[in-house]
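# Observations on the model geometry
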Amino acid sequence: MSKRILFVFTSANKTLTGAQTGWYLPEGAHPYYVLSPKYEIDFASPNGPNPPVDEGSVQNFKDDVPKFLENATVQQKFASAKKLADVSAADYDAVFYVGGHGPVMDLASDPVNIKLASDFFRAGKITSAVCHGPAAIVGATDAEGKSIFKGRKATGFSDLEEEQIGKVKDVPFLLEARIKELGGAYEKAPEPWGPHVVQDGNLITGQNPASAHPIAEAIDKALSA
């Protein structure tokens, strides 16, 4: 029987400035391409079906529109996406948080999501996220009640990358700074926008859109071990 992975998407479609946001297209699409041939994948979000996609990412990654957004199987998964409140970590082998500015807005502070992420981590299951996705797990805790970032190596969208796209005022906190505040050993690529994936035990994080494909390879390797 195939192992099962839960892809978690944001339900937020606006940033603090009112700008349109959502989940970032290649950060859902590229991992799906890598993982879907080998694993059963379910989609979920706080509000359930059809989580909002970041419109800018659709413009910037046009190749992923026919391959992912217009794929009939993917469309069905989105249409039947589960509400996080109806999801149990016991039913899956891994969780993967798709990035975009949306997760910083809702998943970071959503108590249902925080419990779900904590359940995955405490069960020793792969707890993974890319770009702004790690914002979704800043509230997650280990069995001792400490942040899952404390004393662990991790990455996520860098403060410099946030500054370069002019989005500092759009989000309630900067991810790199928050990971460091939580006691995490934050790492990043030598240059902004370069791929960077970090694994520390069952915590797997990727820095940015370029890290979406390599983080999927890391998840696959971990689940195949």
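The rules behind these values
- Residues numbered from 1 in each chain as written.
- Predicted model: local features only at pLDDT ≥ 70, side-chain atom pairs only at ≥ 80, totals over all residues.
- Heavy atoms only, no water.
- Helix = DSSP H or I, 4+ residues; strand = E, 2+ residues; numbered from the N terminus.
- Rg over C-alpha atoms; globule rule 2.2 N^0.38 Å.
- Buried < 20%, exposed > 50% of the residue type's maximum accessible area, 1.4 Å probe, protein only.
- Contact = heavy atoms within 4.5 Å.
- Areas by Shrake-Rupley, 256 points an atom, 1.4 Å probe, with all protein chains shown as cover.
- Lys, Arg positive; Asp, Glu negative; His and termini not counted.
- Charge placed at Lys NZ, Arg CZ, Asp CG, Glu CD.
- Salt bridge = Lys/Arg side-chain N within 4 Å of Asp/Glu carboxyl O.
- Polar contact = N/O pair within 3.5 Å; in protein donor to acceptor, adjacent residues only side chain to side chain.

## Quick notes on the overall build of the protein
Across its full length, the protein holds nine helices and nine strands. For the protein, whose C-alpha radius of gyration is 16 Å, the value lies close to the compact-globule estimate of 17 Å for 225 residues. Projected onto its principal axes, the C-alpha coordinates of the protein cover approximately 40 × 35 × 30 Å. Residue burial in the protein is summarised as follows: out of 225 residues, 55% are buried. Sequence-distant contacts, at least 24 apart, represent 76% of the contacts inside the protein between residues at least 6 apart. Accessible surface, the protein: about 9300 Å² in total, of which carbon and sulfur atoms supply 50%. Side-chain charges in the protein split into 22 positive and 28 negative, and the spacing between the mean points of these groups amounts to 4 Å.

## Thoughts on the environment of F149
With respect to the helices and strands, the residue F149 is situated in the loop between β5 (126-130) and β6 (153-154). Assessed through its relative accessible area of 0%, F149 is described here as buried. Separated by 144 residues in the primary sequence, F149 and I5 have C-alpha atoms spaced 21 Å apart. With near-sequence residues (within four places) excluded, F149 lies in contact with P134, I137, V138, A154, I179, L182, G183, G184 and L203.

## Regarding the pattern of salt bridges
A complete count under the given rule lists nine salt bridges for this structure. Where D170 meets K167, a salt bridge forms, and the shortest distance between an N and an O atom there is 3.9 Å. Beyond isolated ion pairs, a larger network of salt bridges with shared partners links R4, E40 and D42.

## Observations regarding the side chain of E27
When you line up the elements, E27 lands in helix α1 (residues 25-35). Buried and unpaired, E27 has no salt bridge, with K167 as the nearest side chain of opposite charge at 13 Å. A polar side-chain atom of E27 sits 3.2 Å from the main-chain amide nitrogen of G99. Of note is the side chain of E27, whose polar atom sits 3.3 Å from the backbone nitrogen of G100. Aside from chain neighbours lying at most four places away, what touches E27 is F96, V98, G99, G100, V130, C131, N208, P209 and A212.

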